[in-house]
There are 2 protein chains.
Amino acid sequence: MPEPLYRQIAEHLRTRIDRGELRPGEQLPSEADLEEEFGVSRNTVRLAVAALANEGLIESRAGRGTFVRERRTITVLQSTEPQGIPLGPKDVFKSALEREGVVPEQDNFRMEFRRATPEVAARLQIEEGEPVVVRRMDRFVDGERWSQQESFYPKDIAEGTELMSPEDIPRGTVRVLAENGYVQTGFRDEINCRMPTREEAAFLGSPPGAPVLEIFRVAYSGERPIRLTITVYAGDSTQVAYEIGDVSARGESGRGSRDRETG
Amino acid sequence: MPEPLYRQIAEHLRTRIDRGELRPGEQLPSEADLEEEFGVSRNTVRLAVAALANEGLIESRAGRGTFVRERRTITVLQSTEPQGIPLGPKDVFKSALEREGVVPEQDNFRMEFRRATPEVAARLQIEEGEPVVVRRMDRFVDGERWSQQESFYPKDIAEGTELMSPEDIPRGTVRVLAENGYVQTGFRDEINCRMPTREEAAFLGSPPGAPVLEIFRVAYSGERPIRLTITVYAGDSTQVAYEIGDVSARGESGRGSRDRETG
DNA sequence: AAGTGGTCTAGACCACGGG
DNA sequence: CCGTGGTCTAGACCACTTC
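Each value, and the rule that gives it
Residues numbered from 1 in each chain as written. Chains lettered and ligands numbered in written order. Predicted model: local features only at pLDDT ≥ 70, side-chain atom pairs only at ≥ 80, totals over all residues. Heavy atoms only, no water. Helix = DSSP H or I, 4+ residues; strand = E, 2+ residues; numbered from the N terminus. Buried < 20%, exposed > 50% of the residue type's maximum accessible area, 1.4 Å probe, protein only. Contact = heavy atoms within 4.5 Å. Areas by Shrake-Rupley, 256 points an atom, 1.4 Å probe, with all protein chains shown as cover. Polar contact = N/O pair within 3.5 Å; in protein donor to acceptor, adjacent residues only side chain to side chain. Buried area = accessible area lost by both parts, 1.4 Å probe. Salt bridge = Lys/Arg side-chain N within 4 Å of Asp/Glu carboxyl O. Nonpolar A, V, L, I, M, F, W, Y, C, P; charged D, E, K, R; others polar. Pairing = 2+ DSSP bridges. Core = buried A, V, L, I, M, F, W, Y, C linked by side-chain atoms within 4.5 Å. Near = heavy atom within 4 Å. UniProt positions renumbered as here; feature names shortened; annotations may be inferred. Least-squares fit on C-alpha atoms with pLDDT ≥ 70 in both. Phe/Tyr/Trp six-rings, centres within 6.5 Å; stacked < 30°, edge-to-face > 60°. Lys NZ or Arg CZ within 6 Å of the ring centre and 35° of its normal.

As annotated in an unreviewed UniProt entry, chain A is GntR family transcriptional regulator from Planobispora takensis.

Take a look at the structure:
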């Protein structure tokens, strides 16, 4: 049994992309062209194209054509200070982005009350269904949707503090928590890689075949968890980094081409 | 324009899975059944099924049927000691796995000489094309393929040391490097989330719709990078974690259900 | 108007897996 | 053997984009 036709066609196109004959942003031959070139039916062509789309290599736009995807990657350098405020007066996202010349935008800030889902309850060490304060926002880079973030606070910690305000807090919630007696002493990050839910795909504008990168950060103040932050990034345009110990040697010499650094 | 038929069908099946009417491991109705249930052609049914498969929700096996995917997640707790040897005499993978009762297996150990690709050269701060020593292995958990790992050493560092041996080094290469004057003083981890290459999918047995999680760890010894380790995990069954500072409060109370911890 | 991809039908033959 | 999904054909109509 030979390789199925649609995979042969996919392989052929993949090779042309890998070799650089089809560069990022360039248009692939139309489905009609491919039918003729390979002498197959349109459905077979579409199977081949779908396979590449699911690998994240290409992207079809109705009425326009099919194009090789271009991706830049943004590196998010995570804080590795137990206190979580290593980068100056603003929050990590803003200050580090500005340092690197990327235009940061936050939008759709919202404050909500919810009941803890099992996922949230387990990480905050509270009971499922207990009230929590949620502060959420969307983030954009160069006008494109990039990440969604939600922070969960146990109600007793947020109550009576600035955390209840329905506005963004420019100086950062780590500071607000500290001012209220909850000095952050450490955190745990859990990083997942998965396909987006429909809602996430809709927000991020992910084509089929684009995964998301999800980070759970639980911040602790000595004896208890004080905050859970869940961030969902467009996976294939984001990289997260951690630096531990002495990495002073880094960055002196040639590093990956078009990467941008972010915090 | 209403929602396309195949998406309506996908949505219907998704709901049945979310509600628990179709549990992990259970078989979906056959394509013939779905044709009849929704009064559509087989191709339309297949579009719906393909959509769910690409979200990683279900998996089809030829001749058998289509099933709801079951996934356990293994948490890899990354070392956060600059020296990189926090967990005892064995390497991180083994000791932590044993601690948690997961059966670890390493296989297909190989040592190779190669020339640095641009990716490797940039991170090791050497020139593209310079010779590097590569030590690679595959890892299995409970008999299932789980990750692929390659470590790259500049040739001048590896030369004349145990790193050139074509055998696994049970006490860990961090120790070997230290014994040869390259004490690790820090590292940088870069974490990516993407769709697998065909080779990776073949090795990991990933169905369409399963992303991979890729970690680049560059270890430094004061003035220079001494090792680059690239690990590729089956993304949707792996979580990586970092703990910084005091997280002693963690783990005392209910944590995520069926997770297993690993390091 | 012409070209693109998106959706859908109604067939067909095949390989694989399990009784 | 029969039921499953895998591959493939040859049509059709549609919406959207570009000119």
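**Q** Can you walk me through the overall build of chain A in this structure?
**A** For chain A, the count of helices and strands is 8 helices and 11 strands. Taken across its 263 residues, chain A has 51% of its residues classed as buried. Partitioning the intrachain contacts of chain A with sequence separation of at least 6 by distance along the chain shows that 63% fall at a separation of at least 24. For chain A, the accessible area works out to roughly 12,200 Å², and carbon and sulfur atoms hold 48% of it.

**Q** Any chance you could explain the environment of arginine 217 of chain A here in plain terms?
**A** Residues and elements named next belong to chain A. Mapped onto the elements, arginine 217 comes out in strand 8 (residues 212-221). Through-space distance from the C-alpha of arginine 217 to that of aspartate 107 is 21 Å; in sequence the pair is 110 residues apart. Here arginine 217 is in contact with Gln78, Ser79, Phe187, Arg188, Asp189, Arg227, Leu228 and Thr229, once residues within four sequence places are set aside. A polar atom in the side chain of arginine 217 sits 2.7 Å from the side chain of aspartate 189.

**Q** For this particular structure, what's the right way to read the interface of chain A and chain B?
**A** You'll often see interface size given as the accessible area lost when the parts meet. Across the contact, 54 residues belong to chain A and 54 residues belong to chain B. When the two sides are added together, the surface that chain A and chain B hide from each other amounts to roughly 4,200 Å², 52% of it contributed by carbon and sulfur. For the chain A face of the interface with chain B, the top three residues by lost area are Arg188, Cys193 and Ile244 of chain A, together amounting to 17%. Our count for the chain A to chain B interface comes out at 4 salt bridges. Taken together, the elements giving at least two residues each to the side of chain A that touches chain B come down to helix 1 (5-18), helix 3 (42-54), strand 3 (74-77), helix 5 (118-124), strand 7 (186-194), strand 8 and strand 10 (238-245) of chain A. Among the elements that make up the side of chain A that touches chain B, the one with the highest residue count is strand 7 of chain A (9 residues). When its residues are assigned to classes, the side of chain A that touches chain B shows 17 nonpolar, 19 polar and 18 charged. Pairing geometry for strand 7 of chain A and strand 10 (residues 238-245) of chain B, over 6 bridges, is antiparallel. Looking at strand 10 of chain B, one finds that glutamate 190 of chain A is bridged to alanine 241 of chain B.

**Q** So what exactly am I meant to see when it comes to the nonpolar core here?
**A** One broad trend across soluble globular proteins is that nonpolar side chains are buried collectively. Ranked by size, the top nonpolar core spans 22 residues in total, and within it Ile191 and Val240 of chain A together with Ile191 and Val240 of chain B carry the most contacts. Only strand 3, strand 7, strand 8 and strand 10 of chain A together with strand 3 (74-77), strand 7 (186-194), strand 8 (212-221) and strand 10 of chain B provide two or more residues apiece to this core. If near-sequence neighbours (up to four positions away) are discounted, valine 240 of chain B is found in contact with Asp189, Glu190 and Ile191 of chain A together with Val76, Gln78, Ile191, Leu213, Ile215 and Tyr233 of chain B.

**Q** Looking at this structure, how should I read the protein's contact with DNA strand C?
**A** Close to DNA strand C lie 25 residues, the nearest being Glu31 and Arg42 of chain A together with Leu5, Asn43 and Thr44 of chain B. Protein-proximal atoms of DNA strand C, defined as those within 4 Å of the protein, fall in sugar or phosphate at a share of 66%. Between arginine 7 of chain B and DNA strand C, the recorded distance is 3.2 Å, taken from a side-chain N or O atom to a phosphate oxygen. Mapped by element, the contributors of at least two residues to the surface near DNA strand C are helix 3, strand 1 (58-61) and strand 2 (65-68) of chain A together with helix 1 (5-18) and helix 3 (42-54) of chain B. Broken down by class, the residue content of the surface near DNA strand C amounts to 7 nonpolar, 10 polar and 8 charged.

**Q** Would you take a moment to explain the pairing of strand 9 (residues 224-234) of chain A for this structure?
**A** Every other side chain in a regular strand lies on the same face of the sheet, so the side chains alternate between the two faces. All names here are of chain A. Within strand 9, 10 of the 11 residues are buried, leaving the element largely enclosed by the surrounding structure. With 6 bridges joining them, strand 6 (residues 144-154) and strand 9 adopt antiparallel strand pairing. From the neighbouring strand, serine 147 faces strand 9, where its bridge partner is tyrosine 233. The hairpin turn running from strand 8 into strand 9, its antiparallel successor, is 2 residues long, and glycine 222 in that turn takes a positive phi close to 55 degrees.

**Q** Is there a simple way to explain unusual backbone geometry in this structure?
**A** Leaving glycine aside, a negative phi is the common case for residues, and trans is the common case for peptide bonds. The backbone of glutamine 125 of chain A shows a phi angle near 55 degrees, a positive value even though the residue is not glycine. Within the fold, glutamine 125 of chain A resides in the loop between helix 5 and strand 5 (131-141). Phi at asparagine 108 of chain B is positive, roughly 55 degrees, even though this residue is not glycine. On the secondary structure map, asparagine 108 of chain B appears in strand 4 (residues 104-115).

**Q** I keep staring at the UniProt feature "domain: HTH gntR-type" (unreviewed entry) in chain A and nothing clicks. Help me out?
**A** When the UniProt feature table is mapped onto this chain, "domain: HTH gntR-type" (unreviewed entry) is found at residues 3-71 of chain A. For the annotated span residues 3-71 of chain A, helix accounts for 51% and strand for 12% of the residues, and the straight-line distance between the end C-alpha atoms is 30 Å.

**Q** What should I look at first to understand the protein's contact with DNA strand D in this one?
**A** Neighbouring DNA strand D are 25 residues, the closest being Leu5, Asn43, Thr44 and Arg64 of chain A together with Arg42 of chain B. Counting only atoms of DNA strand D within 4 Å of the protein, the sugar-phosphate share comes to 67%. Between DNA strand D and arginine 7 of chain A there is a distance of 3.2 Å, counted from a phosphate oxygen to a side-chain nitrogen or oxygen. Residue arginine 42 of chain B places a side-chain N or O atom 2.7 Å away from a base nitrogen belonging to DNA strand D. Those elements that provide at least two residues to the surface near DNA strand D are helix 1 and helix 3 of chain A together with helix 3, strand 1 (58-61) and strand 2 (65-68) of chain B. Class assignment for the residues of the surface near DNA strand D results in 7 nonpolar, 10 polar and 8 charged.

**Q** I would appreciate a short explanation of the relation of the copies chain A and chain B in the present structure.
**A** One copy of the chain maps onto the other through a rotation about an axis plus a displacement along that axis. With an RMSD of 0.0 Å, the operation that places chain A on chain B is a rotation of 180 degrees combined with a shift of 0.0 Å along the axis. The two molecules are tied by a two-fold rotation axis, judged by turn and shift. By C-alpha distance to the rotation axis, the residue of chain A lying nearest is cysteine 193 of chain A, at 2.9 Å. With an isologous cut-off of 70% or more, the 100% of interface residues of chain A that recur at the interface of chain B puts this contact in the isologous class.

**Q** Would you mind going over the packing of aromatic side chains with me for this structure?
**A** What characterises a pair of aromatic rings is the spacing of the ring centres plus the angle enclosed by the ring planes. Residues and elements named next belong to chain A. With the rule as written, the count across this model stands at 5 aromatic pairs over all chains. Pairing phenylalanine 140 with phenylalanine 203 gives two aromatic rings, centres 6.4 Å apart and planes at 75 degrees, and the pair type is edge-to-face. A residue pair is termed long-range when its members are at least 10 positions apart, and phenylalanine 140 in strand 5 and phenylalanine 203 in helix 8 (residues 198-204) qualify at 63 residues. Under the relative-accessibility criterion, phenylalanine 203 is labelled buried at 13%. Looking at arginine 123, its charged tip hangs above the ring of phenylalanine 216, at a distance of 3.9 Å from the centre.

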